[in-house]
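# Chains, contacts and geometry: an overview
If you want the building blocks of each chain, they are given just below.
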Amino acid sequence: MVHKISRIISDFFNPLVSLFIFFVYMSIREYSYKNSILYFAPILLIIIAPVVIWLVWNVKTGRYTNMDVSDRVQRKSLYLFIAACVITYLIFNYVRNGYIDLVMLFILILVFTMQISNFFIKSSMHTAFNIFVAALFFTLNWKAGLIWLGIAALVGITRIILKRHTVKEVFMGAGIAFMVSFIYLYCNIQFQH
């Protein structure tokens, strides 16, 4: 029973779904309907959809063992593909709007940091991204941020229960995410003043 519940939590709160939930929440909260579509559609088309297609294609062709990409060697190409998508979005957004999207810049920093960590230890991407999503929620609503931080802790526990990560790997992912999130929150506060 614990294993089944852990699987549901872990599958639902994977990095892509967590980011998707945040961007939908932010779009609805911060923008009009038209502007939320204009903001969210490029993220969906340039980052989220290509990464989902990449994952499905690599699992179907046998290059990835599973959708979690649990193998450290297999993760290298995933990190590079995600980084390429985020860089493409950053360029698109800069050309279109004339500014660098701070959220996406820090997602790129998180991906690069996870890639560097991957050379030494397979850090939990699920835990890291959910902690970063908690930081993103904190910028909009501190209560939502606290709730998502609880979700991130729960996801980290499920990764251990499912034997996708060791305790050390979950803590490494959490540590990386806390460091990147702290810098992101600091920059977010500085740019608002």
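These notes cover the structure that comes with them. (Residues numbered from 1 in each chain as written. Predicted model: local features only at pLDDT ≥ 70, side-chain atom pairs only at ≥ 80, totals over all residues. Heavy atoms only, no water.)

## Observations regarding the overall build of the protein chain
Stated precisely, the cut-off is as follows: In DSSP terms, a helix is any run of H or I states spanning at least four residues, a strand is any run of E spanning at least two, and both are numbered starting from the N terminus. Using C-alpha atoms as the atom set, the radius of gyration is obtained and then compared with a globule rule of 2.2 Å times the number of residues to the power 0.38.
Per the secondary structure count, the protein chain includes eight helices and zero strands. From first element to last, N terminus to C terminus, the protein chain shows the α and β order α-α-α-α-α-α-α-α. Radius of gyration (C-alpha) of the protein chain: 16 Å, near the 16 Å computed for a compact globule of 193 residues. Viewed in the frame of its principal axes, the protein chain has a C-alpha envelope of about 45 × 35 × 30 Å.

## Regarding the packing of aromatic side chains
Keep this limit in mind: Two rings from Phe, Tyr or Trp (for Trp, the six-membered ring) form a pair when their centres sit within 6.5 Å of each other. Planes less than 30 degrees apart are called stacked, planes more than 60 degrees apart edge-to-face, and all others tilted. Using a 1.4 Å probe on the protein chains alone, a residue whose accessible area is under 20% of its type maximum counts as buried, one over 50% counts as exposed, and one in between counts as partly exposed.
All chains considered together, the criterion is met by 13 aromatic pairs. Seen from their ring centres, Phe 13 and Trp 148 are 5.5 Å apart, and the 85° between their planes marks the pair as edge-to-face. Of the two residues, Phe 13 is situated in the loop between helix H1 (2-12) and helix H2 (15-30) and Trp 148 in helix H7 (residues 142-161); the sequence distance between them amounts to 135 residues. Judged by its relative accessible area of 16%, Phe 13 falls in the buried class. Under the relative-accessibility criterion, Trp 148 is labelled buried at 7%.

## Section: the environment of Asp 11
With respect to the helices, strands and loops of the structure, Asp 11 is situated in helix H1. A residue is classified by how much of its surface remains accessible, and Asp 11, at 38% relative accessible area, is partly exposed. Residues Asp 11 and Ile 82, 71 residues apart in the sequence, show an inter-C-alpha distance of 19 Å.

## Focus on a nonpolar patch on the surface
How we decide: Exposure above 30% relative accessible area and the lack of any salt bridge qualify a residue for a patch; like charges then connect within 9 Å, and the nonpolar side chains Val, Leu, Ile, Met, Phe, Trp and Tyr within 5 Å. Accessible surface is estimated by sampling points in the Shrake-Rupley manner with a 1.4 Å probe; for residues, cover comes only from the protein chains shown. Within this document, salt bridges are pairs made up of a side-chain nitrogen of Lys or Arg and a carboxyl oxygen of Asp or Glu, the two lying within 4 Å of each other.
A contiguous nonpolar surface patch, about 610 Å² in accessible area, is contributed by Ile 87, Ile 91, Tyr 94, Val 95, Ile 100 and Phe 112. When residues of the nonpolar patch are assigned to their parent elements, the largest contribution, four residues, is made by helix H4 (residues 72-97).

## Remarks on the pattern of salt bridges
Side chains carrying opposite charge are able to pair once their charged atoms draw close together. As enumerated under the stated definition, the model contains four salt bridges in all. Of the charged contacts, one joins Asp 11 and Arg 7 as a salt bridge, the two residues approaching to 4.0 Å between their closest N and O atoms. With a gap of four residues between them, Asp 11 and Arg 7 both fall in helix H1, about one helical turn apart. It is possible to trace a salt-bridge network through shared partners that takes in Asp 68, Arg 159 and Arg 164.

## With respect to unusual backbone geometry
Positioned with a positive phi, Val 69 is a non-glycine residue whose angle comes to about 50°. Within the fold, Val 69 resides in the loop between helix H3 (33-60) and H4. Among the residues examined, Val 69 registers a relative accessible area of 0% and is labelled buried.

## Quick notes on the packing of helix H5 (residues 102-118) against helix H6 (residues 125-140)
What counts here: Think of each axis as a best-fit line through the C-alpha atoms, taken over the contacting stretch in the case of a helix, with angles from 0 to 180 degrees between the N-to-C directions. Relative orientations are named as follows: roughly parallel for angles under 35 degrees, roughly antiparallel for angles over 145 degrees, roughly perpendicular for angles from 65 to 115 degrees, and oblique for any other angle. For a crossing to be left-handed, the near helix must be turned anticlockwise from the far one by less than a right angle; the clockwise case is right-handed. Contacts are assigned to residue pairs that have any heavy atoms within 4.5 Å of one another. Three residue categories are used. Nonpolar comprises Ala, Val, Leu, Ile, Met, Phe, Trp, Tyr, Cys and Pro, charged comprises Asp, Glu, Lys and Arg, and polar comprises the others, including Gly.
Where H5 contacts H6, the axes come no closer than 11 Å and their chain directions differ by 155°. Of the possible angle classes, the one that applies to H5 and H6 is roughly antiparallel. Considering the relative orientation of H5 and H6, their crossing is right-handed. Contact residues: Val 103, Phe 106, Ile 107, Leu 110, Val 111 and Met 114 in H5; Met 125, Ala 128, Phe 129, Phe 132 and Leu 136 in H6. Taken together, the residues of the contact of H5 with H6 break down into 11 nonpolar, no polar and no charged.

## What to know about the side chain of Asn 130
Within the element layout of this structure, Asn 130 appears in helix H6. You can call Asn 130 buried: its relative accessible area is 0%. Excluding residues that lie within four positions of it along the chain, Asn 130 makes contacts with Phe 13, Ser 18, Trp 148, Ile 151, Ala 152 and Val 155.

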